[in-house]
Amino acid sequence: MRMEIKYLPYLEEYKSEFLSLVHNLYNEDPDGEIMTDEKIVSTIDFLSENPKNGEIILFQEMGIILGYSILIYYWSNEFGGQIIFVDELYLKSDYRNKNIGTNYLHYLFSKKVDNFKAVFLEVFPSNKRAFDFYIKNGFVKSESNYLKRVL
């Protein structure tokens, strides 16, 4: 049976479910920063007020939210144009290994990247499953080192 996934912009009616999904991601992949409702709501508010900076996409089938992605847009001098940074991509465990993530990436590459030069993302070394998924879908390991300083 073929799934008919819709990619919807974030809708306020799904706020509580979205909060839950984000917390699930951070519980399953604990190497990142500690996640709070305040951070999630700040992201919702910022992207709602600044759509040129990115968006939240909900994956839905037959009224059920299966997962989400947060995309951040920024300019890169190195690449000579705008970049999409996949800040987060998450599917509920029951919907993994059904090509939903792969189909979303194909959607992203074909529908969203018209004016973009590259797609970047970050994967923690401990998350081999996600790393392998992205490699399988055409991403390559960057030669640069990703550094951070939390303020």
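Structure report, in brief. (Residues numbered from 1 in each chain as written. Predicted model: local features only at pLDDT ≥ 70, side-chain atom pairs only at ≥ 80, totals over all residues. Heavy atoms only, no water.)

All right, on to the overall build of the protein then. Within the protein one finds 4 helices and 5 strands. Against the globule reference of 15 Å for 151 residues, the protein gives a C-alpha radius of gyration of 15 Å, in line with a compact fold. Each principal axis of the C-alpha atoms in the protein carries an extent, and together these give about 40 × 35 × 30 Å. Within the protein, buried positions represent 37% of all 151 residues. Nonlocal contacts in the protein, meaning residues at least 24 apart in sequence, comprise 60% of its contacts between residues at least 6 apart. (Helix = DSSP H or I, 4+ residues; strand = E, 2+ residues; numbered from the N terminus. Rg over C-alpha atoms; globule rule 2.2 N^0.38 Å. Buried < 20%, exposed > 50% of the residue type's maximum accessible area, 1.4 Å probe, protein only. Contact = heavy atoms within 4.5 Å.)

Glancing now at the environment of leucine 47. The topology assignment puts leucine 47 in helix α2 (residues 37–49). Excluding anything up to four places from it in sequence, leucine 47 contacts Asn53, Gly54, Glu55, Ile56, Ile70, Leu71 and Ile72.

In this structure the tally under the stated criterion is 13 aromatic pairs. Here the aromatic rings of tyrosine 7 and tyrosine 107 are separated by 4.3 Å at their centres, their planes lie at 25°, and the arrangement is stacked. Placement of the pair is tyrosine 7 in strand β1 (residues 6–9) and tyrosine 107 in helix α3 (residues 100–112), with a sequence separation of 100 residues. A relative accessible area of 22% means that tyrosine 107 is categorised as partly exposed. Within the aromatic cluster, the residues linked to one another by ring pairs are Tyr7, Phe59, Tyr104 and Tyr107. (Phe/Tyr/Trp six-rings, centres within 6.5 Å; stacked < 30°, edge-to-face > 60°.)

With respect to the element layout, phenylalanine 85 can be found in strand β4 (residues 81–91). Along the chain, phenylalanine 85 and phenylalanine 120 lie 35 residues apart, while their C-alpha atoms are 4.7 Å from each other. For phenylalanine 85, the contacting residues outside a window of four places in its chain are Ile70, Leu71, Ile72, Tyr74, Phe120, Leu121 and Glu122.

A few words on the packing of helix α1 (residues 15–28) against α2. A pair of packed helices is captured by two measures, namely the crossing angle of their axes and the spacing between those axes. One way to put it is that α1 packs onto α2 with a least axis distance of 10 Å and a crossing angle of 120°. Between α1 and α2, the angle is such that the two are oblique. Of the two elements, α1 crosses α2, and the hand of that crossing is right-handed. Across the interface between the two elements, Lys15, Phe18, Leu19, Val22 and His23 from α1 touch Asp37, Ile40, Val41 and Ile44 from α2. Taken together, the residues that form the contact of α1 with α2 break down as 6 nonpolar, 1 polar and 2 charged. (Axes fitted to C-alpha atoms, helices over the stretch in contact; angles between N-to-C directions. Parallel < 35°, antiparallel > 145°, perpendicular 65-115°, else oblique. Left-handed = near helix turned anticlockwise from the far one by under 90°. Nonpolar A, V, L, I, M, F, W, Y, C, P; charged D, E, K, R; others polar.)

This part covers the pairing of strand β2 (residues 54–61). With respect to burial, β2 is a largely interior element, 8 of its 8 residues being buried. Of the two faces of β2, both are covered, the one formed by Gly54, Ile56, Leu58 and Gln60 as well as the one formed by Glu55, Ile57, Phe59 and Glu61. Note: β2 against strand β3 (residues 64–76), 8 bridges, orientation antiparallel. By the bridge assignment for β3, glycine 54 is matched with isoleucine 72. Connecting β2 to the antiparallel partner β3 that follows it, the hairpin turn spans 2 residues, and methionine 62 within it adopts a positive phi of roughly 50°. (Pairing = 2+ DSSP bridges.)

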